[in-house]
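# Fold and geometry: a report
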Amino acid sequence: MERLGTGIGWRPEIADAVERMPGIDWVEAVAENVCPGHLPESLVRLRERGVTVIPHGVSLGLGGAERPDAGRLTALAERVAALGSPLVTEHIAFVRAGGALTASPRLEAGHLLPVPRTRDALDVLCENIRIAQDALPVPLAVENIAALISWPGEEMTEGQFLYELADRTGVRLLIDVANLHTNHVNRGEDPAKALAELPLEAIAYVHVAGGFERDGVWHDSHAHPVPQPVLDVLTDLASRVSPPGVLLERDENFPEPAELERELGAIRGALEKGAAERRAAGTGATAEDASREVVPEKGAARVGELDPARQRLALAQAALLSALVAGTPVPEGFDRVRLGVQARALAGKRADVVAKVAPELPVILGDGYRRAFLAYGHGHPMTDGYRRDALDFAGYLLAEGRLEDARARAELREWWLERSGPRPHSRRPGVRLARATRRVLLRR
């Protein structure tokens, strides 16, 4: 694995600042937000300067019961090729459930949810990762996620689960130290114990991010400064191994560039402190150790051999996701209070993301957007991504007569027809002018 150095998550909102920021060796871009044929000019300029760009996927669902979707894998491979990336990353999580394996409606979480640390889940995850590795043109690394909830009946710690995963598949690990801290607060898991159990030689790079605590629950927001406890976990990691790369993540509430540079300085300081401790102790893996190739075990499972395990996992994940997004009973063994916190967090995130992918909706509905969407979402789980969700929400409001304001109803109908009618509206200038004039008259 090549040495990456210090990086930052590339986002359109801070693209200009990232280009001007000193000491940035590489960036990471959310894979689903990058179109291979129309790369953002900022990423093109960074690539031309020799800055490495790594696509970071969020929707593959490698921890789900079904085998990875071939179309999603192809799309991820296209982004790797377009960016000239040496590596591609995803998450150890499930993001959808239901469907053929459970003979139930397919549900989308719109979020990364934890897989149970059981033998069934590990076997399925290993096969899914092997499928992904075969389909991708560069090495794959997978990230540990933050979680609000714990599965009952888990058979392994996080460190043990990750160790077996890397040992059996040869996959590299993207270790998020902020997520280790999150799981410490929310699930009582010791970050030091997890680090001690990890295969340090499998680490591809490290994520660092901020969050906040409310009512005893840590929320991995990526919208707050990196707190000292997260930096302490990074120092502990650096006292054991020299990670090939470290990256600062920020997804919302972007501060001034100077503040981001200060956070990067704090990250470098935590790494230097850990390296000094490693040198003083004369222990820990060297940079060369961290780059050593991990060899997967021989003898992958035969096709169909894991079908019973997949079905058991599918039923468990569908029951959990249905409780979170469709209001069905809480599966036995789960903490009802924590499940309620997670359900509210998912609903809020869903409303926020729909507002981003369809920014016209909050404009049309005004202050009533969020209240209306949360009421809709309570009985209408997402089934096919956020863009479809936005259309379904608008269609629901129109079909059910939920809008008393005539102007808002007319604008919403125009918006909905523009995007979901049997055929697209004409793009001819005269027709577009007539539609624009009609919208202006409706606003009067």
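What you are looking at is a predicted structure, and each value in this text was computed from that prediction instead of being measured.

## Description of the environment of Trp 10
- On the secondary structure map, Trp 10 appears in strand E1 (residues 5-10).
- What makes Trp 10 buried here is its relative accessible area of 7%.
- Distance from Trp 10 to Asp 251, taken between C-alpha atoms, is 9.1 Å for residues 241 residues apart in sequence.
- With sequence-adjacent residues up to four places away left out, Trp 10 is seen in contact with Ala 15, Val 18, Val 27, Glu 28, Ala 29, Pro 40, Ser 42, Leu 43 and Leu 46.

## Points about empty space enclosed by the protein
- Throughout the structure, instances matching the rule amount to one cavity of 30 Å³ or more.
- Size it by volume and the largest cavity reaches roughly 140 Å³.
- Taken together, 13 residues form the lining of the largest cavity, with Ile 92, Val 115, Arg 117, Ile 145 and Glu 158 sitting closest to its centre.
- Elements represented by at least two residues in the lining of the largest cavity include exactly helix H5 (158-169) and helix H6 (177-187).
- The element contributing the most residues to the lining of the largest cavity is H5, with three residues.

## Focus: the pattern of salt bridges
- Tallying each qualifying case throughout the model produces 24 salt bridges.
- For Asp 392, the salt bridge is made with Arg 388, and the minimal N-O distance between the two is 3.1 Å. Here the residue Asp 392 and the residue Arg 388 both occupy positions in helix H15 (residues 385-399), the gap between them amounting to four residues, near one helical turn.

## Quick look at the packing of aromatic side chains
- All chains considered together, the criterion is met by eight aromatic pairs.
- Feature note: the residues Tyr 369, Phe 373, Tyr 376, Phe 393 and Tyr 396 constitute an aromatic cluster, connected by ring pairs.

## Description of the packing of helix H8 (residues 228-238) against helix H9 (residues 257-281)
- It is the contact of H8 with H9, at a shortest axis distance of 7 Å, that shows an interaxial angle of 35 degrees. With respect to the hand of their crossing, H8 and H9 are arranged in right-handed fashion. Contact residues: H8 offers Leu 231, Leu 234, Thr 235 and Ala 238, while H9 offers Ala 266, Ile 267, Ala 270, Leu 271, Lys 273, Gly 274, Ala 275, Glu 277 and Arg 278.
- A per-class count over the contact of H8 with H9 returns eight nonpolar, two polar and three charged.

## A few points about the packing of helix H4 (residues 119-135) against helix H11 (residues 307-325)
- Close contact between H4 and H11 brings their axes to 9 Å; oriented N to C, the two are set at 110 degrees. When the axis of H4 is compared with that of H11, the two are roughly perpendicular. The element H4 and its partner H11 pack so that their crossing is left-handed. Contacts between H4 and H11 pair Asp 120, Ala 121, Val 124, Glu 127 and Asn 128 from the former with Ala 309, Arg 310, Arg 312 and Leu 313 from the latter.
- Residues of the contact of H4 with H11, tallied by class, amount to four nonpolar, one polar and four charged.

The rules we used
- Residues numbered from 1 in each chain as written.
- Predicted model: local features only at pLDDT ≥ 70, side-chain atom pairs only at ≥ 80, totals over all residues.
- Heavy atoms only, no water.
- Helix = DSSP H or I, 4+ residues; strand = E, 2+ residues; numbered from the N terminus.
- Buried < 20%, exposed > 50% of the residue type's maximum accessible area, 1.4 Å probe, protein only.
- Contact = heavy atoms within 4.5 Å.
- 1 Å grid on protein atoms, 1.4 Å probe; cavity = no way out; pocket = protein on both sides within 12 Å on 5 of 7 lines; lining within 4 Å.
- Points joined across faces, edges and corners; volume = space filled by probe spheres on them.
- Salt bridge = Lys/Arg side-chain N within 4 Å of Asp/Glu carboxyl O.
- Phe/Tyr/Trp six-rings, centres within 6.5 Å; stacked < 30°, edge-to-face > 60°.
- Axes fitted to C-alpha atoms, helices over the stretch in contact; angles between N-to-C directions.
- Left-handed = near helix turned anticlockwise from the far one by under 90°.
- Nonpolar A, V, L, I, M, F, W, Y, C, P; charged D, E, K, R; others polar.
- Parallel < 35°, antiparallel > 145°, perpendicular 65-115°, else oblique.

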